[in-house]
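Here are the chains, one letter per residue:
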Amino acid sequence: MEHTSQGIIYGINGPVVKVRGRQAFQMLEMVLVGHDRLIGEVIRVLENETIVQVYENTTGLKPGEPVVSTGKPLTVKLGPGIMGNIFDGIERPLARIADSTGIFIKRGSIMDNLDRDKLWEVKILAEPGDYVKQGEIIAEVKETESVNHKIMVPPNIEGEITEAVCDGLYNIDQVIVKVKDGKQIHSLTLVQEWPVREPRPYCHRLPLDIPLITGQRVIDTLFPMSKGGAAAIPGGFGTGKTLTQHQLAKWANADIIVYVGCGERGNEITEVLEDFPKLIDPRSGRPLMERTVLIGNTSNMPVAAREASIYTGITLAEYYRDMGYDVAVMADSTSRWAEALREISGRLEEMPAEEGFPAYLPSRLSEFYERAGRVENYNGTKGSVSIIGAVSPQGGDFSEPVTQNTKRFIRCFWALDKALAHTRHYPAVNWINSYSEYTDRLEDWYSENADPEFMDKKTEISRILQEEGKLLDIVKLIGSDILPEEQKLVLEMAKVIRQGFLQQNAYHEQDTYVPIQKQYLMMDSILRVGTKAAGLVALGIPVSVIRRSGVFEELIRMKYNIPNDDLNSFDGLNNKTERILDEIGSDYRASGRVKEV
Amino acid sequence: MNVEYMGLKEISGPLVVIDGVKDASFEEMVEITVGKNKRLGRIIQIEGELCVIQVFEGTRGISLENTHTRLLGKPLKMPLSMELLGRVMDGKGRPVDGLGEIYPEKSWDVNGEPINPVMREYPRNFIQTGISSIDGLTTLIRGQKLPVFSGSGLSHNQLAVQIVKQAKIEDTEGAGFAIVFAAMGVKHDVAEYFRESFQKSGVLDRVVMFLNLANDPVVERIVTPRCALTAAEYLAYEKNMHVLVIMTDMTSYAEALREISSSKGEIPSRKGYPGYLYSDMASIYERAGMVKGCRGSITQIPILTMPNDDITHPVPDLTGYITEGQVVLDRSLSSKGIYPPINILPSLSRLMKDGIGEGHTREDHPQVANQLFASYARVQEVKALASVIGEEELSEIDRLYMNFGREFEENFIAQDFSENRNIDDTLDLGWTLLRLLPVSELDRLSPEIIEKYYKDDSEDGDF
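Cut-off values and rules
Residues numbered from 1 in each chain as written. Chains lettered and ligands numbered in written order. Predicted model: local features only at pLDDT ≥ 70, side-chain atom pairs only at ≥ 80, totals over all residues. Heavy atoms only, no water. Helix = DSSP H or I, 4+ residues; strand = E, 2+ residues; numbered from the N terminus. Contact = heavy atoms within 4.5 Å. Areas by Shrake-Rupley, 256 points an atom, 1.4 Å probe, with all protein chains shown as cover. Lys, Arg positive; Asp, Glu negative; His and termini not counted. Charge placed at Lys NZ, Arg CZ, Asp CG, Glu CD. Rg over C-alpha atoms; globule rule 2.2 N^0.38 Å. Buried < 20%, exposed > 50% of the residue type's maximum accessible area, 1.4 Å probe, protein only. Axes fitted to C-alpha atoms, helices over the stretch in contact; angles between N-to-C directions. Parallel < 35°, antiparallel > 145°, perpendicular 65-115°, else oblique. Polar contact = N/O pair within 3.5 Å; in protein donor to acceptor, adjacent residues only side chain to side chain. Domains from an automatic or database assignment. Pairing = 2+ DSSP bridges. Arc of directions from axis to C-beta.

### Concerning the overall build of chain A
Part 1 of the reasoning: Secondary structure assignment for chain A yields 17 helices and 26 strands.
Part 2 of the reasoning: Projecting the C-alpha coordinates of chain A onto the three principal axes gives extents of approximately 100 × 55 × 40 Å.
Part 3 of the reasoning: Considering only contacts within chain A whose residues lie at least 6 apart along the sequence, 70% involve residues at least 24 apart.
Part 4 of the reasoning: Of the roughly 22400 Å² of accessible surface on chain A, a fraction of 48% belongs to carbon and sulfur atoms.
Part 5 of the reasoning: When the 68 basic and 85 acidic side-chain charges of chain A are each reduced to a single mean position, those positions are 3 Å apart.

Here it is in C-alpha cells:
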C-alpha cells in the first residue's frame, strides 16, 4: 500500500478520535479510520498524538484499529454529474447510497462521488499544439438541458497540448487531453479534484453592480442583493427562513443554485427533491432541478460532515463560477454549522469564547463569506458566487454570537420578524431592521434596466413605512381616531404597502415570482393613489370616505388581479383608481363641504 | 468477551471509569455486577485502556471494590416483535408488566440510523384530530413531528389524550395503527392517567408503553425515547402500521442529558446544556416521517414543559428549530377557563400547506386559516390599545375586532374534552366568526372564496 503514515486508535469521544503510534499525519489531511475505513480529517497534531474528526458515526470503533493516511486534504471531485444531483456533506451521492443501503444511511459506505459508468457526449475544443493555461476551456459537455459543463485546465497546470481525443462519448475516467508542462505530462480527464477548504483561484474581482433579481418584492425593491454579494437571513423558528431560502432558490436569476441543507430537517430536503423537478425556470423554460445541486446533511447525520458541508457547497459553486456562470449558494443554516464547530471544539476541550463557541468562530465565518464575489476568471469569462446564509439565533435573539459575527461579513441583512410571522405576513422581512449596503452600487442598474424613477419611488415607499413606524408608537397609546387626517392617510397608505406590496404569496401562481417591471408599476400605482388622496384630504375630505370607496382594496388585490405578462393592465387600474378618487372629490365639491384652499 | 474486570477506578455521578480494559468498542454495552444484582451501562468515552461508562440504573451502592464488569460486545439493542403491542416496558425497553420476556423477531440497535433524505416520502396526509384549533390552524399531518409546548399545570396531558382518542390515524387502505408512549421523568399518576385513558378509549392493546418515571434512574432516561422510537420504526417500516408516538416530558430528557454532560466535565453552552443538545434532540425528532416503499408512518407528538413558560429556553427553542411546527399552550387562556388553551399565534404547522386545501380538506381551508390568524393577530393589537384607552374609546371597527376575539376564543378555540368536530364543522365555524367582520377587513380571502362562502350564511344554517 502506498500510504506511509499509519497510526492506531487510542481514544474515542463521539466524532473525535485520538490516534497514536507511528505517524506523520499532515494537518487537515483526510484519513481512513478503523477497519470500516470511515472518512476522517486531521484537526490537531501533537508530538505523540493526532486528533481526527470522523465524518461518520463512531459507534463500535475500538482502540487499536488502524488509521491510514491518504496523503491529501479533504477534496471533492469536480466534473459532469454534479448538476441535478444530491450529495451528503462530503460529496457522497445520497441516491446511490440509497440504492445500496436502503432507507437508512449505514456507515462506511464509501462510494464514488460521481457516476463513473455514465458516458458523456464530449465536444473537444482544444487541439494538439495549443498552449493552454489554468482555467482554459478545453471541452464541453451538455450536463443537463440547462447547463453546459465546461471542462477546464485545472489550476496550476500550464503547457502545450500533446494529444487530444476526438469528439465522442467518454466516461469521467478517460483521458481526453494530455498537456506537457515542462518535463511533466498531465493527463486530463473530465474530472478534477480540489480541496474544499481552499478557495479556487481567479484572475481578479469585479465591482458588485449587477443585482441578483429574486422576484421577491421586499428584497428586489427595498433591500436588493448583488450578484457576488453576501446576505444573511436571520430569524427565530417559524419565521420562514427556509421558505424564503426555497423561494430564492426557485426564482433568483442565477444560472446555478447550490442548496446546502446544513443540519436541518430531512423533510425539507425531500420537499426540494419533490418540488424542483416539477417547477419550471421562467427564463430557460426547463425544470429548476436541472440547474440545482443539493447538499443534504440533515440534523441527525454525523456532525463533522455537517461542518464540512458548507465548504463542499461553496467549492462546487466556485467550480461553476470558473466556467463563467452566476452561482447562488443557499446555506441553511449557518448556525448549525457554527454549532458543529462548537461541538467539535468542546470535545477537544478548547477554551470557549462566547456561549461556548470557539474563539475562531468569527475567522471561520469571514473565510466562508469572503468566498463570495464576482470575478473575472483566468479563461476570460465572468462569473459570480453569491452567498445567502440563513442564521437561526437561539431564542430568536439577534445579539447572540453567530448573528453578530455574521453581520460583520455580509452586506445584506434580511431580518425575519416573529410578530410578522404570527400574523402570517410572509416574507416576514422586517423593513425597519433590515438593510442592504449594495443599494448605492445598484442604483445605475435599476435606472437603466427597470425605470429611471425606480429609486425615487423606492425611497418614497420606505419613507411612508418609516413614518408609519413612528405614528404606530403614538397609536399604541392613544388610538388612531385622534390623529389628524393627513396622518391617518399615512397609516392607510402604509397598510396598502404592507398588504399589497411587501406581503407576497409564495403559493400563488402569479405572486410567487414578480418581474422587476411589475414591481415598479405596483409602486407607481400605490404612490399615484397616495398623492391624489393627499390632495383630497387637504380639501377636508375624511380618510374614512376614501377608505369606503374601496380604492385601497383595488391596490391590495392588484398583485393577484394583474398577471405578470399583462403589465398594460396597470393603465386600467390607474384609470379606475383615479376615477374613484375624482368622483369623491366632485361629490364633495357638489355638496359644498369642501374647505377653501 | 468473557473477561470480567474487577473494581473501578473512579465514580462520578452516574458515570464510572474502569482501567485496563482491552478490546472495548465505542458505545458498547457492559454489565456491572454489584453484590447480587446486575446493572447495565454503556461506554461513552475510551482513552487507551480507560473506559468511561454511564450506568443506567445509577451508581448508588457502588464502591471502587465491590463490582465486576463484563463487556457485552454489542450496543444496546431492543427486542422487537408484534407481541410488543399492549405491553409495558421500563425505560430501557425491558418488560415490567410481569407478562414475561418479548420473544424477538428482530433485534435493533436503539440508536437507529439517519434516514436517507432521498428515501423520505414528503408527508401530505391530513390527520383529523377533531380539535378545531389544531385541524383548522395547525393541521397535523401523517409523518409529522408536532410538539406541544406547555407549562407546568397546563392541560397538555388531556390534549394528548384527546388527540389519541379522536385522531383518525389509520388510512382508508387498511394499514393498522399503533400508539407508542414514552414517559421520561413524569410522575407515576401522569403515566397512570395515560394508561387509564388508553384503556377507556379501547386502544390499550395497540399501545406500547415505555415508562421511566420521576424516581427512576436519570441515565435510563437517555435511552427511553430511543427504545420507543426503535419499536415505532419496527412497527412502521417492518409491519406497515401508522404509529403515533407520544413522548413526555422532553424537558426532563434534556435535563438528564445536562446532568450526564456535567458529570463528564464537558464545556457547557446555554444554561448549562451541552453544546450538542441540538444534534442529540435531532437524532430523536428526525426519526419521524414516512419512507418510500413502506405504507407505515411515524407521527410524533412530543410534549415539553417550558421552564417558567419561557419559549426562548434552550429546550423549546432548539425543539422548535427541529420539529415541523409547534402547538403552544397559554396560561392566560387557561386561566380564562378555555380548554384546550392553545395560543394560535405562536403555534404553527409547517407541513400544513401541502396537506390542506382542495383534494385534502376543503378548498377554502388555506385562506380561512390565514384570515383567522391575521384577524386574531389584529385582535391582540386592539386589546393592547383597549387596555390603555379603555374599550369605550375604541373605534367602531376595533370594537368589532374585540367581539370577534371573544367569540373566537370561546367558540372556536374552546371545545369540550369529548367534543369531536370534523373538518367541515371547523371551517364552517371559522366562517361564522369571520362574518362578524366586514368584508373590507378580510384581506386574505380571494374574491371568489368570499363570493362562495361569506354570504351563504342562511343556507348553512349553523348557529
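### What to know about the overall build of chain B
Part 1 of the reasoning: Tallying secondary structure elements over chain B gives 14 helices and 19 strands in all.
Part 2 of the reasoning: The C-alpha radius of gyration computed for chain B amounts to 25 Å, which stays within 12% of the reference 23 Å derived for 463 residues, consistent with globular compactness.
Part 3 of the reasoning: Overall, the C-alpha framework of chain B stretches about 80 × 50 × 40 Å when taken along its three principal axes.
Part 4 of the reasoning: When burial is assessed residue by residue, chain B has 62% of its 463 residues classed as buried.
Part 5 of the reasoning: Excluding contacts between residues fewer than 6 apart, the proportion of contacts in chain B whose partners are at least 24 apart in sequence is 73%.

### Looking at the packing of helix α10 (residues 439-449) of chain A against helix α11 (residues 454-478) of chain A
Residues and elements named next belong to chain A.
Part 1 of the reasoning: At a minimum axis separation of 9 Å, α10 and α11 run at an interaxial angle of 130 degrees. In terms of orientation, α10 lies oblique with respect to α11. Facing α10, whose interface residues are T439, E443 and Y446, α11 presents F454, M455 and K458.

### As for the side chain of S347 of chain B
Part 1 of the reasoning: Structurally, the position occupied by S347 of chain B is in the loop between α8 (331-335) and β19 (348-349).
Part 2 of the reasoning: Residue classification places S347 of chain B among the buried residues on the basis of a relative accessible area of 1%.
Part 3 of the reasoning: Side-chain polar atoms of S347 of chain B contact the backbone oxygen of N343 of chain B, separated by 2.7 Å.
Part 4 of the reasoning: Sequence-distant contacts of S347 of chain B, that is, excluding residues within four places in its chain, are made with R424 of chain A together with T138, Q326, V327, V328, I342 and F373 of chain B.

### Describing the domain arrangement of chain B
Part 1 of the reasoning: Looking at the assigned domains, one finds that chain B contains domain 1 (4-74), domain 2 (78-353) and domain 3 (365-453).
Part 2 of the reasoning: The straight-line distance from the C-alpha centre of domain 1 of chain B to that of domain 3 of chain B is 60 Å.

### A short note on the sheet that holds strand β17 (residues 297-305) of chain B
All names here are of chain B.
Part 1 of the reasoning: If you walk across this open sheet you meet the eight strands as β9-β14-β13-β15-β17-β12-β18-β19, and the pairing is mixed. What marks the edges here is a single partner per strand, and that holds for β9 (88-90) and β19.
Part 2 of the reasoning: Here strand β13 (residues 177-186) pairs with strand β15 (residues 242-248) via seven bridges, running parallel. Across the sheet, A183 pairs through a bridge with T248, a residue of β15.

### Regarding helix α1 (residues 94-101) of chain A
Residues and elements named next belong to chain A.
Part 1 of the reasoning: If you check which residues of α1 are buried, you get L94, I97 and A98. The buried residues of α1 all sit within an arc of 105 degrees when viewed along its axis, so they share a single face.
Part 2 of the reasoning: Those residues of α1 that are buried are in contact with β8 (86-87) and β21 (292-297).
Part 3 of the reasoning: Within two residues after α1, G102 carries a phi angle of roughly 80 degrees, on the positive side.

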